[in-house]
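Summary of the model geometry
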Amino acid sequence: MVSFPGLYRRAVHHWRGIVTLLILARAAFYVIYPDEFGRFFDLIVFALLLVFIAGQIFWIKRMIDFVGRFLPSGIGRTRLAVIAVLIYLFVYACSYPGIQSTNDHIFRTNYDRPLTVVTEALFWWWFVGSMLAFFLVLVFGAGDYAARAATWMYTKIRETRREQANAEISTPAWHSRRRFLKQSAVLVSATPFVAAGYGLLYGRKNVEVVRQRVPLARLPKGFDGFRIAQLSDIHMGPFTTGDYIRRCVEITNGMKPDLIALTGDYIAWDPGLESRVVSVLASLRAPHGVFGCLGNHEEESETEAYVSGLFTAQGVRILRQERTLIRLGGDELNLIGIDCPRAQSEQDEEEEYRRDVNRRLHGQLVIPGTVNILLSHEPSDFVFDRAADLGIDLMLAGHTHGGQLALKFVHRGLNLSHLLNRYTSGWYEQRSTKLYVNRGIGTTGFPIRLGARPEITVLELVRT
Ligand SMILES: [Fe+2]
């Protein structure tokens, strides 16, 4: 009979083969069911799954090797491997509600028990850390192959010139340098684990107040210098607590904005938290009021009417395909809010979504000759296009969380959300319409932020 440790050893030994087999299996699936081919997102998910599987095998083996060095020789590698896999399965099983919610947008109540929170935090730390680290391993691996190929070619060229190249290249100095480089590569590859820990424990709550000046051509004189604070993607849940949201509310109030705009997603996965998040946000104060729109988490948890009622009772107005005039002296601004547009069926999804955008963001909401500001949770292409068609001056959105993992210092498009969204953070412009995408203050999926700090925006409107 084949034992479990034996199976594990074989899996580790043949991981490249296993991943290749999975690729071939998927390719065969596409050949058998050609209609499924072409779903770009599916392919990305599959590629990530392969990287994930290969990465897990790679890092668990490294961990076992590392821990094995510090343990008495009596404890064999096989026993360590079994312990590692059991711990892995335990953490995975405890984190399952959160993983399932993330993958399938499942809303459920009371899953924030302390054990689940700790194991989920551990799981996501390991998940993000090991994935990023394995990407680095792949990069180093590719570099190593390229260097070897270059060396081989170099050797061949020198051989043909009869200059004893082989002897030089295979000197002990060369080999020890390669060994040193290999060890350095593994060490550098492990840094994402530290980074993921930072993003989990600190980066996730390291709020940044972003001040932006917004030049608007037809802004009435009375509104010159008018300040709007924007809060988005609150996502109250196990990792976005009432205390943290309260701190964000205090920071926002401390900025003394004239008006506060909330751009949706008030809960993570627990509809039972809507009343708690609303009671915390009820402390927001601005002389011209607090207004908001709803996010996809309200739409998918079917709490849109319920949460709007809760906000209304606290004096916060949620604009649902509605507009309201903000008056200052004799001048006016038109503030519009829409719910998340949706397609009802998967057939003809794009066209249905576009129709829903047009239905929600209809022409009567816009007042010509006035500055029109739109609150829309999702910064989708269709909503932005529609806003530009209607001549809306400024659109405020959220939804993307700035990708949560981003390399903004390289390029602002280098973030996870960019796989699904064109507009992911900051400013975009189309004709005379400006779009600002706020990174939000909460998280969903993994409770980690790296390179995409939580954000409270203060937008100062100025005349041009
Ligand atoms: Fe969100």
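Positions within a chain are numbered from 1, following the residues in the order the chain's sequence is written. Note on the predicted model: pLDDT of at least 70 is required for a residue's local features to be given, and 80 or more for side-chain atom pairs to be given and counted; whole-chain, interface and lining totals, by contrast, use all residues. Computation of side-chain values covers all heavy atoms of the structure but excludes hydrogens and water.

1. Topic: the pairing of strand β7 (residues 331–338)
Most of β7 is tucked away, with six of its eight residues classed as buried. Strands qualify as paired when DSSP identifies two bridges or more between them. Strands here are runs of E lasting at least two residues and helices are runs of H or I lasting at least four, both read from the DSSP assignment and numbered beginning at the N terminus. Two elements, strand β6 (residues 322–328) and β7, share seven bridges in a ladder whose sense is antiparallel. If you follow R327 over to β7, its bridge partner there is E332. Where β6 folds back on β7, the antiparallel hairpin that results is connected by two residues, among which G329 adopts a positive phi of roughly 60°. As judged from the six bridges shared by β7 and strand β8 (residues 371–376), these two strands associate in the parallel manner. If you follow I338 over to β8, its bridge partner there is S376. Type-normalised accessible area, obtained with a 1.4 Å probe on protein chains alone, sets the label of each residue: buried when under 20%, exposed when over 50%, and partly exposed for intermediate values.

2. Comments concerning the coordination of the iron ion
Put simply, a metal with four donors set out as a tetrahedron has ideal angles of 109.5 degrees, and one with six donors set out as an octahedron has ideal angles of 90 or 180 degrees. Only N, O and S atoms count as donors, using a 2.8 Å cut-off from the metal and 3.2 Å for Na, K and Ca, and because water is excluded some sites may appear unfinished. Ligation of the iron ion by protein atoms is provided by D233 (OD), H235 (NE2), D265 (OD) and H401 (NE2), these donors lying 2.0 to 2.4 Å from the ion. Look at H401 and you get buried, because its relative accessible area is 4%.

3. Quick word on the packing of aromatic side chains
Note on ring pairs: Phe, Tyr and Trp rings are taken, using the six-membered ring of Trp, and paired if centres are within 6.5 Å. Classes follow the plane angle, with under 30 degrees stacked, over 60 edge-to-face and the rest tilted. Per the stated rule, a full pass over the model turns up 19 aromatic pairs. Ring geometry for Y92 against F123: centres 5.7 Å apart, planes inclined by 70°, an arrangement best described as edge-to-face. A residue pair is termed long-range when its members are at least 10 positions apart, and Y92 in helix α4 (residues 77–104) and F123 in helix α5 (residues 114–160) qualify at 31 residues. Exposure remark for Y92: the relative accessible area of 33% places this residue in the partly exposed category. Residue F123 is classed as buried on the basis of its relative accessible area, which comes to 6%. Cluster of aromatic residues (ring-pair linked, three or more members): F52, Y92, F123, W124, F127 and F446. Lysine NZ or arginine CZ positioned within 6 Å of the ring centre and within 35 degrees of the ring normal marks a charge as sitting over the ring. Positioned above the aromatic ring of F58, the side-chain terminus of R62 is 4.1 Å from the ring centre. Over the aromatic face of Y428 sits the side chain of R412, whose NZ or CZ is 4.0 Å from the ring centroid.

4. Examining the side chain of E298
Tracing the backbone through its elements, the reader meets E298 in helix α11 (residues 296–300). The positive count covers Lys and Arg only, the negative count covers Asp and Glu only, and His and the chain ends enter neither. Here, a salt bridge means any side-chain nitrogen of Lys or Arg that lies within 4 Å of a carboxyl oxygen of Asp or Glu. There is no salt bridge for the buried E298, and the closest opposite charge comes from R320, which lies 9.5 Å off by N-O distance. Here a polar contact is recorded for every N or O atom pair within 3.5 Å, except that within protein the pair must consist of a potential hydrogen donor and a potential acceptor, and residues adjacent in sequence are included only if both atoms are side-chain atoms. For E298, the side chain forms a polar contact with the main-chain nitrogen of D265, separated by 2.9 Å. A polar contact is formed between the side chain of E298 and the backbone nitrogen of G295, at a distance of 2.8 Å. Among all residues touching E298, those that are not within four sequence positions of it are G264, D265, Y266, I267, E274, T303, E304 and V307. Every residue pair with non-hydrogen atoms within 4.5 Å of one another is taken to be in contact.

5. A closer look at unusual backbone geometry
One non-glycine residue, K256, lies in positive phi territory at about 50°. The class of K256 is exposed, set by a relative accessible area of 65%.

6. Structural notes on the pattern of salt bridges
Counted by the stated rule, this structure contains 19 salt bridges. Put simply, R439 and E208 hold a salt bridge, and the shortest N to O gap is 2.7 Å. One end of the pair, R439, is in the loop between β11 (433–437) and β12 (455–463); the other, E208, is in strand β1 (residues 208–216), and 231 residues separate them in sequence. For R439, a relative accessible area of 5% gives the class buried. Its relative accessible area of 26% is what places E208 among the partly exposed residues. Across the pair R246 and D243 runs a salt bridge whose closest N-O atoms are separated by 2.9 Å. Here R246 and its partner D243 are both found in helix α9 (residues 242–254), three residues apart, which amounts to about one turn of the helix. Through salt bridges with shared partners, one network takes in E304, R320, D339, D356, R359 and R360.

7. A closer look at the nonpolar core
In this description, a nonpolar core means a group of buried Ala, Val, Leu, Ile, Met, Phe, Trp, Tyr and Cys residues linked to one another through side-chain atoms lying within 4.5 Å. Among the nonpolar cores identified, the biggest contains 31 residues, and I245, L262, Y266, V277, L281 and F311 are the most heavily contacted of them. Looking at this core, the elements that each hand over two or more residues are β2 (227–231), α9, β3 (259–263), α10 (274–281) and α12 (304–313). When near neighbours in sequence (up to four residues on either side) are disregarded, Y266 contacts I234, H235, M236, E274, V277, L281, G292, C293, L294, E298, F311 and I318. Membership of the second largest hydrophobic core comes to 23 residues, among which are V210, I326, L396 and L461.

8. Notes on the sheet that holds strand β5 (residues 317–318)
Sheet strands associate in pairs through backbone hydrogen bonding, adopting either a parallel or an antiparallel arrangement. Spatially, the six strands line up as an open sheet ordered β1-β12-β2-β3-β4-β5, and their pairing is mixed. In the strand order of this sheet, the two ends are held by β1 and β5, each with one partner. Summarising the sheet, strand β4 (residues 290–293) and β5 pair through two bridges and their orientation is parallel. Pairing of F291 across the sheet is with R317, part of β5. Geometry is summarised by axes, namely lines fitted to C-alpha atoms with helices restricted to the contacting stretch, and by angles between N-to-C directions that run from 0 to 180 degrees. Where α9 meets the sheet, it contacts β1, β2, β3 and β12, and its direction lies at approximately 20° from that of β12.

9. Here we look at the sheet that holds strand β10 (residues 426–430)
Read across the sheet, six strands follow the order β6-β7-β8-β9-β11-β10 without closing on themselves; strand pairing throughout is mixed. Only two strands of the sheet have a single partner each, and these edge strands are β6 and β10. Here the average twist between neighbouring strands, direction ignored, is 20°. Where strand β9 (residues 394–397) and β11 come together, four bridges link them in parallel fashion.

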